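Descriptive analysis of the structure
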Protein chains: 8
Amino acid sequence: MKDYGTIDNLGFARVDLARQRRQGVPEVVYGAGKTAGQIAAILASLRDHGQTPALATRMDEDKAKAVADALGDGFAYFPEARLGRLGTPRVPDGHGTIAIAAAGTSDLGVAEEAALTAETLGNKVVRLYDVGVAGLHRLLGCVDELSSASVVVAVAGMEGALASVVGGLVDCPVIAVPTSVGYGASFGGVSALLSMLNSCAAGVSVVNIDNGFGAGFLAHRINHMGICR
Amino acid sequence: MKDYGTIDNLGFARVDLARQRRQGVPEVVYGAGKTAGQIAAILASLRDHGQTPALATRMDEDKAKAVADALGDGFAYFPEARLGRLGTPRVPDGHGTIAIAAAGTSDLGVAEEAALTAETLGNKVVRLYDVGVAGLHRLLGCVDELSSASVVVAVAGMEGALASVVGGLVDCPVIAVPTSVGYGASFGGVSALLSMLNSCAAGVSVVNIDNGFGAGFLAHRINHMGICR
Amino acid sequence: MKDYGTIDNLGFARVDLARQRRQGVPEVVYGAGKTAGQIAAILASLRDHGQTPALATRMDEDKAKAVADALGDGFAYFPEARLGRLGTPRVPDGHGTIAIAAAGTSDLGVAEEAALTAETLGNKVVRLYDVGVAGLHRLLGCVDELSSASVVVAVAGMEGALASVVGGLVDCPVIAVPTSVGYGASFGGVSALLSMLNSCAAGVSVVNIDNGFGAGFLAHRINHMGICR
Amino acid sequence: MKDYGTIDNLGFARVDLARQRRQGVPEVVYGAGKTAGQIAAILASLRDHGQTPALATRMDEDKAKAVADALGDGFAYFPEARLGRLGTPRVPDGHGTIAIAAAGTSDLGVAEEAALTAETLGNKVVRLYDVGVAGLHRLLGCVDELSSASVVVAVAGMEGALASVVGGLVDCPVIAVPTSVGYGASFGGVSALLSMLNSCAAGVSVVNIDNGFGAGFLAHRINHMGICR
Amino acid sequence: MKDYGTIDNLGFARVDLARQRRQGVPEVVYGAGKTAGQIAAILASLRDHGQTPALATRMDEDKAKAVADALGDGFAYFPEARLGRLGTPRVPDGHGTIAIAAAGTSDLGVAEEAALTAETLGNKVVRLYDVGVAGLHRLLGCVDELSSASVVVAVAGMEGALASVVGGLVDCPVIAVPTSVGYGASFGGVSALLSMLNSCAAGVSVVNIDNGFGAGFLAHRINHMGICR
Amino acid sequence: MKDYGTIDNLGFARVDLARQRRQGVPEVVYGAGKTAGQIAAILASLRDHGQTPALATRMDEDKAKAVADALGDGFAYFPEARLGRLGTPRVPDGHGTIAIAAAGTSDLGVAEEAALTAETLGNKVVRLYDVGVAGLHRLLGCVDELSSASVVVAVAGMEGALASVVGGLVDCPVIAVPTSVGYGASFGGVSALLSMLNSCAAGVSVVNIDNGFGAGFLAHRINHMGICR
Amino acid sequence: MKDYGTIDNLGFARVDLARQRRQGVPEVVYGAGKTAGQIAAILASLRDHGQTPALATRMDEDKAKAVADALGDGFAYFPEARLGRLGTPRVPDGHGTIAIAAAGTSDLGVAEEAALTAETLGNKVVRLYDVGVAGLHRLLGCVDELSSASVVVAVAGMEGALASVVGGLVDCPVIAVPTSVGYGASFGGVSALLSMLNSCAAGVSVVNIDNGFGAGFLAHRINHMGICR
Amino acid sequence: MKDYGTIDNLGFARVDLARQRRQGVPEVVYGAGKTAGQIAAILASLRDHGQTPALATRMDEDKAKAVADALGDGFAYFPEARLGRLGTPRVPDGHGTIAIAAAGTSDLGVAEEAALTAETLGNKVVRLYDVGVAGLHRLLGCVDELSSASVVVAVAGMEGALASVVGGLVDCPVIAVPTSVGYGASFGGVSALLSMLNSCAAGVSVVNIDNGFGAGFLAHRINHMGICR
């Protein structure tokens, strides 16, 4: 059993300082429901213990500004993805390229969260946006990028059919991310989630609704299979 | 206001003898929850008042046998579609062809219910079966039949992506039929139903889960636009 | 297989310039989740490539104003339907009239979205508003308009019974649009949606909750059966 | 506070011997999940303490046969309604007539449960069956019976629109009973239940799915307003 | 068949001027989703055709103020119930008293909507508030008022147990109104709604979540059984 | 950290031989989805390592018979509770009595599962059956037993109101067990579950639907607070 | 049967002045949906009748300020828990310590509501925060505090796995509190709620989503088993 | 774009003969809803075109027997997994080992489906069964096997907490498979599914309920990253 290592107990949080050694990636801060002060303190603790690059997800611009003020240089904020990053991205070194395919313009925030997460952790990423199945030729025009990827992240709301169609075109793992884009009976992403879980294409797995971070993180792990430990 | 005409009151049912004049098609018997005797009596009433060809849906083989015994010649039963028909189909005379596309072998019962309904009411039907999106080239191999149809009925369970992909390929109305085929989080057809309602392709509408009859009936109406009254 | 043609890749969107040739109608912009700048850029691309009249749905008044400023003459905005249109409507040329029946005053926004979509694409439309089934004589007073239509769009929230009653009165296709009007156990339109999917009247199909555009578009397709290609 | 009276404690059940004095009607036995022996013992206790006519609901034919054997004369069983009755019905003495309207032939079991309950408790009942809204003239042909009723029980599955349409036609209380008749997205009666709860007609209230007994009982109470105590 | 009478077609609404003659009560205006101008115009039409007292439900204070300005004297607004009334209440003349029992202080808005509706239509009302079952002696302290009522309206959120307990105490009809009061797994009133539908007490029926108006209206109808027509 | 002890690895199961020392009670066998052979093997392993009395839940009579044959003397089966027990119950030694209150005769199986579990583990149990709230005086007649209990288990289906009413009467912990008894909108126990979770009475917690074992086990733990370790 | 005592009827509320004598703890004010004036009046009534310390839950800061102004000294407000307290906490006197374990920083508000409730009622509390199962060693580092507690309250959102893991580690009752922390398919706490209800560990029961008060109250009752009456 | 190759059109199915070349694995037959004859014909077509080893999922023993009779030697059936295989498994050649961890004995069928799928496609598999989190030391005893795996498949029903705990222990991709094991509020696997989607551990993705095949297939793809094409 590996060493589970030291914890930095901040009172409101126990920062896991051995996560990088144990799992290859430092702890990631889930920003929703935390104050800017709490986020900054956790990121500072990670930095002070050499756990960078570190990510904080789901931060609005106001929180990001306060966190940036507290941390100074080295912190960058990506508003479309609502993602903050402390430290510089790793040099890309995985098996191949991670393709991020997004069905529509409204899905870009989630897609960017996935793309930036993967890039930060050291992966080459190719972005294929607005390739929803209603205009199938747009997707078919990207078959080369899809076929040469080592992992595909398929991001879609509404009926989420993109995951199944992509899953039938490629021979690598497909990570499906349902988004809350849609209206009426899309039920905040449930329709896309169910579609993706029931995909008739093999090789597709699913993360939570709007969980771009989770998809980017998992794509990184797969792309570093046999490399990252 | 049209004449709403006579009713044949059988006690357990009020047979609508003016449905054919009013709506172009005789009343259709919903067989579930009715006894074979009740179904036979309603069909006989329709026949005796010139309301044929008449259909009875959702009959298992035992009921069908009893109905056949009661009605004699002129009654046919289609076991895969669980459909009974009294009288001969009309001669096809609509605008064009109705294409019935089904995603998988397990969807054939529903697809056949749609196809036989449309044929009975006087339409040419082309069957395109096992064209699910996980093997996209199977569907793309049918583009000519799809493009030349006047209506497409898209039948699929699981994630129901077929409707969106077909909807992006054709320029005619698409009637989507979710089926209860699937397992786990398909929830008896709910996943496919939600996918189809949230289709990103325009020109798609949806009928109830497993409602092949309803799709075939509506396809007939659309295919006879300006003809059937 | 038809020519799937050129795409105008704007980075955030791939505008489908062959949609009009392929499907008879230009791409429609789904306005929710897009910035005014993105909407204006897509509409401008469509205009510059001769793809008008072009529609943008689900725009609030602020976005519409910014889009109007960007596009200049030729752009009109319809606030009740939250719909923007670039270019002039086509001359009506379908088989007949499209009747838009709405149950209550609160359903008018969705009904107008359907009506304006159909008028833009070249159809005669008759509006029958506040004809909910609780005062049945209001609906029965419109039977002539309903009976002479080639397609009926039935728009209703709450219990959505309008679709079934209309479906029993006419012999043409009925497109049911559930609306999110209601409270308590209407669950944002789910009650009306389920009613319409389970309609005991044949010839009824359903689009997504509040999807007036989808209903108007499909009604156009049906009304141009054998004409529009 | 009224006298809450004696209880006959059978071990597996505490029979409420004061229910008739307190609430005007003896305890009713819910037959599902009880053995024939338990049902017979409770009914016998009620009979032995003068609490008849007594009802037992939701008994299949096998249980009914065993109960009949145990109780001897005075017990009658109604198979379509799955209802058992011990003792003779009361003489009808309410304000007026209770109309039981049922949408389709498949709803008759629930409708009969309501009708027999009301008749047993002393009410005149008129049965209006197969009057679903898809053939509106069948319902409109019954307007006289509906208008002259003191209470209407509206029984329907599928989309349950009957309750709203009846509610708009009459000026008396309407008790809506959703049934589990239907398929696909009817979800065992949920669609009809939601429709009825969201009825746009005032004066409509709802009981549980398939609860014919509850509707008949409540109709009796309303019809005896100011009489039965 | 009764006379279904004239309609005042305002364009956005068809005011039913025969509702009072046909159903004993004028049309009631559902205020949500209507502008103040629309509400005032409908109420003015009702007043000008002698259809008062008239009610408008679900109006916030701003709308109410604008409606009051437009209509002048004779319009009253009840903020807790969010109810507007034009004209004077009828003189109470039903069989007996309507008891409105509410479980908690947070349920009072819905309870008042029921109480004011019933008073407006001509009924004596007794209010029994904060009698939830967690302090059973508070409810038992009201047994006399409950027992002497001709109808009880039971208003409760959270687990909605009040309806069942009241249903077991009285021998008159009980109308249950679930409210959206609660948190967590109360799901906006669904928990209370399901409880009430599944009540083990006979004689209970249910209206939509928060539908105080519907309960008050139905209580009026029951309390005027054999009187109001 | 306590000793987590040895495991008996049977291949299909890893029997936890330190559970009794660690948690005061041996592992309990969840019988559903296991063969009789597997159940018997696990029970034998527990017996051979001194871990009795041992329980196996959710066994039908056929499985129980096979298990009894395999284990010989010392195994008892309780068909109403579908519970098997190997070894003799402990001598009762908790703080006080555990009262098991059940709403109706149909809930007895679940109630017995709770009662037998608690008795096996060493508790005095009093059974209060058929005390549903629709006949409140039946429950009020048991107030002495309820008030003198150290824990109350409240078992109810349908609307589950029993938990709230009991919760308001006693000053000890109440464990609510929803049952799947009911029909229509009871949804297999969901209605009762939601009622119990939303109980307006403090001191009530909830276990899974039909989980009599869990309630009996937890009641034992509470009744042995400060005793059992 | 105990004395159910006097009530202070404030019109909008019936304050239960015998709750402390009957149930050991005064009535607790549910602050949501009540005005500051109503809350203050109820608390004042409790104070004036010697029913302190008294709690009011779910108050935002503005309400709390107004209540503090009205009540003067003796009122304290805890913003993270949104809890107000009138009077001084009781001296701790239960069997042992109550451990409050919370999975993440975002769950602290609910955890504090539980902790403060238990402390107010006279219990020693140990707080174990940020011990979610994704970093298992953080939880395992707290095994001593958990093992020596007499009750554990496990507070978690997202997948709620904390309750099962804790349940397997301890031999005392575990009260699980699902929180609404999470996104996507957490559905406002439903995911955590279902996890906790289905916990494979025995001895776990569940309260409503975010119901920290209920958990703290029940923990108090269990910790005072045989003491508090 | 790759060659999409020939199809063997059997009428009821279009067998995709290029799937192995295109995606590295032959088409897999979904056995539910197909007759034994259909399954055998598809498998024979695959064999005749060199597409083995071929799998057929979800076959009961009767179907399997008929398929075995039709295909002769080379067909093997695994009853616990309900899986049929034609041809010999590939020689294991992936990056490392696939660990299949299952929470309980009742989950073994699904776990075996995953394990056999992965073995057939050429992977080393280690089985870790009955390691549910309620007895955490059983899981912790397997940390070495888990840590040295290249992919972990976590199979669990009930509350599905296994996925989160495993996800926190390892640094490789985790594929979570919810199973339908459980009762009450497990809702056929929905509880486990939601838990897994909301896992607080990064690197976890989810497949459909009971979809052991999908998990095994995806694990194979990940384990052959950079190898299998």
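About the criteria used
- Residues numbered from 1 in each chain as written.
- Chains lettered and ligands numbered in written order.
- Predicted model: local features only at pLDDT ≥ 70, side-chain atom pairs only at ≥ 80, totals over all residues.
- Heavy atoms only, no water.
- Pairing = 2+ DSSP bridges.
- Helix = DSSP H or I, 4+ residues; strand = E, 2+ residues; numbered from the N terminus.
- Right-handed = clockwise from strand over helix to strand, strands pointing away.
- 1 Å grid on protein atoms, 1.4 Å probe; cavity = no way out; pocket = protein on both sides within 12 Å on 5 of 7 lines; lining within 4 Å.
- Points joined across faces, edges and corners; volume = space filled by probe spheres on them.
- Nonpolar A, V, L, I, M, F, W, Y, C, P; charged D, E, K, R; others polar.
- Least-squares fit on C-alpha atoms with pLDDT ≥ 70 in both.
- Contact = heavy atoms within 4.5 Å.
- Domains from an automatic or database assignment.
- Buried area = accessible area lost by both parts, 1.4 Å probe.
- Salt bridge = Lys/Arg side-chain N within 4 Å of Asp/Glu carboxyl O.
- Axes fitted to C-alpha atoms, helices over the stretch in contact; angles between N-to-C directions.
- Polar contact = N/O pair within 3.5 Å; in protein donor to acceptor, adjacent residues only side chain to side chain.
- pLDDT = per-residue confidence, 0-100.
- Phe/Tyr/Trp six-rings, centres within 6.5 Å; stacked < 30°, edge-to-face > 60°.
- Buried < 20%, exposed > 50% of the residue type's maximum accessible area, 1.4 Å probe, protein only.
- Lys NZ or Arg CZ within 6 Å of the ring centre and 35° of its normal.

**With respect to the pairing of strand E8 (residues 124-129) of chain F**
All names here are of chain F. Relative to E8, strand E7 (residues 97-102) runs parallel, the two being bridged by 6 bridges. Note on E8: the bridge partner recorded for Ala102 is Tyr129. On the question of chirality, the crossover connecting E7 to the parallel E8 by way of helix H4 (residues 108-120) is right-handed.

**Overview of the layout of surface pockets**
Sizing a probe to match a water molecule and rolling it over the atoms shows the empty space that remains. Approximately 1800 Å³ is the volume found for the largest pocket. Residue assignment for the lining of the largest pocket shows that the elements contributing at least two residues are helix H8 (190-197) of chain A, helix H8 (190-197) of chain B, helix H8 (190-197) of chain C, helix H8 (190-197) of chain D, helix H8 (190-197) of chain E, helix H8 (190-197) of chain F, helix H8 (190-197) of chain G together with helix H8 (190-197) of chain H. Across the lining of the largest pocket, the residue classes tally to 39 nonpolar, 2 polar and no charged.

**Observations regarding the relation of the copies chain F and chain G**
Superposing chain F onto chain G takes a rotation of 180° plus a shift of 0.0 Å along the axis, which leaves an RMSD of 0.0 Å. Taken together, the rotation and translation relating the two chain copies correspond to the operation of a two-fold axis. Of the C-alpha atoms belonging to chain F, the one lying closest to the rotation axis is found on Val206(F), 2.5 Å away. A shared binding surface is used by both copies, with 100% of the interface residues of chain F retained as interface residues in chain G.

**What to know about the relation of the copies chain H and chain A**
Each copy of the sequence occupies a distinct position, and chain H is placed on chain A by a rotation of 180° and an axial shift of 0.0 Å, giving an RMSD of 0.0 Å. Comparing interface residues between copies, 95% of those in chain H also sit at the interface in chain A, which points to an isologous, same-surface contact.

**Considerations on the domain arrangement of chain A**
How big an interface is tends to be expressed through the accessible area that disappears when the partners come together. Residue and element names in this part refer to chain A. Split into domains, chain A comes out as domain 1 (7-86) and domain 2 (97-223). Computed over C-alpha atoms only, the centres of domain 1 and domain 2 are separated by 26 Å. Contact residues are listed per partner, giving 12 residues for domain 1 and 15 residues for domain 2. Together, the buried faces of domain 1 and domain 2 total about 1100 Å²; carbon and sulfur atoms form 67% of this surface. The tally of links from domain 1 across to domain 2 stands at 0 salt bridges.

**With respect to the sheet that holds strand E4 (residues 54-57) of chain F**
Residue and element names in this part refer to chain F. With mixed pairing, the 4 strands of this open sheet are ordered in space as E3-E4-E6-E5. Two strands in the sheet have a free side with no partner beyond their single neighbour: strand E3 (29-30) and strand E5 (75-78). With 2 bridges connecting them, E3 and E4 associate as parallel partners. Bridging from a neighbouring strand, Tyr30 pairs with Thr57 of E4. The strands touched by helix H3 (residues 61-71) within the sheet are E5 and strand E6 (83-86), with E5 carrying the most contacts at an inclination of about 170°.

**Brief notes about the interface of chain H and chain A**
Across the boundary between the two partners, chain H contributes 38 residues, which contact 36 residues of chain A. Note on chain H versus chain A: buried area summed over both sides is about 3400 Å², and carbon and sulfur give 56% of it. Our count for the contact surface shared by chain H and chain A stands at 0 salt bridges. Among the secondary structure elements, those contributing two or more residues to the side of chain H that touches chain A are helix H1 (19-23), helix H6 (143-147), helix H7 (162-169), H8, strand E11 (204-206) and helix H9 (212-223) of chain H. If one sorts the elements of the side of chain H that touches chain A by residue count, H9(H) sits on top with 5 residues. Classifying every residue of the side of chain H that touches chain A gives 21 nonpolar, 11 polar and 6 charged.

**As for the arrangement of the chains**
Nothing in chain B touches chain E, and the closest approach of their C-alpha atoms is 16 Å. Separated without contact, chain C and chain F have their nearest C-alpha atoms at a distance of 13 Å.

**Describing the interface of chain F and chain G**
Contacts between chain F and chain G engage 37 residues on the former and 37 residues on the latter. Taken together, the connections running from chain F to chain G amount to 0 salt bridges. Where chain F touches chain G, the interface holds 14 residue pairs in polar contact (both at pLDDT 80 or more). Contributing elements (two or more residues each) for the side of chain F that touches chain G: helix H1 (19-23), helix H6 (143-147), helix H7 (162-169), H8, strand E11 (204-206) and helix H9 (212-223) of chain F. Looking at the side of chain F that touches chain G element by element, the count peaks at 5 residues for H9(F). Among the residues making up the side of chain F that touches chain G, the classes are represented as 20 nonpolar, 11 polar and 6 charged.

**Digging into the confidence of the model for chain A**
Low pLDDT means the predicted atomic positions in that stretch should not be read closely. Per-residue pLDDT for chain A averages 92, and the proportion of residues at 70 or more is 97%. Across the predicted assembly, pTM comes out at 0.95 and ipTM at 0.94.

**Comments concerning the packing of aromatic side chains**
Inspection of every chain in the model, using the stated rule, returns 16 aromatic pairs over all chains. Their ring planes at 50° and their centres at 5.8 Å tell us that Phe213(H) and Phe217(H) sit as a pair that is tilted. Taken as a pair, Phe213(H) and Phe217(H) lie in helix H9 at a separation of 4 residues, close to a single helical turn. For Phe213(H), a relative accessible area of 13% corresponds to the buried category. The lysine or arginine in question, Arg58(C), covers the ring of Tyr183(A), its NZ or CZ lying 3.9 Å from the ring centre.

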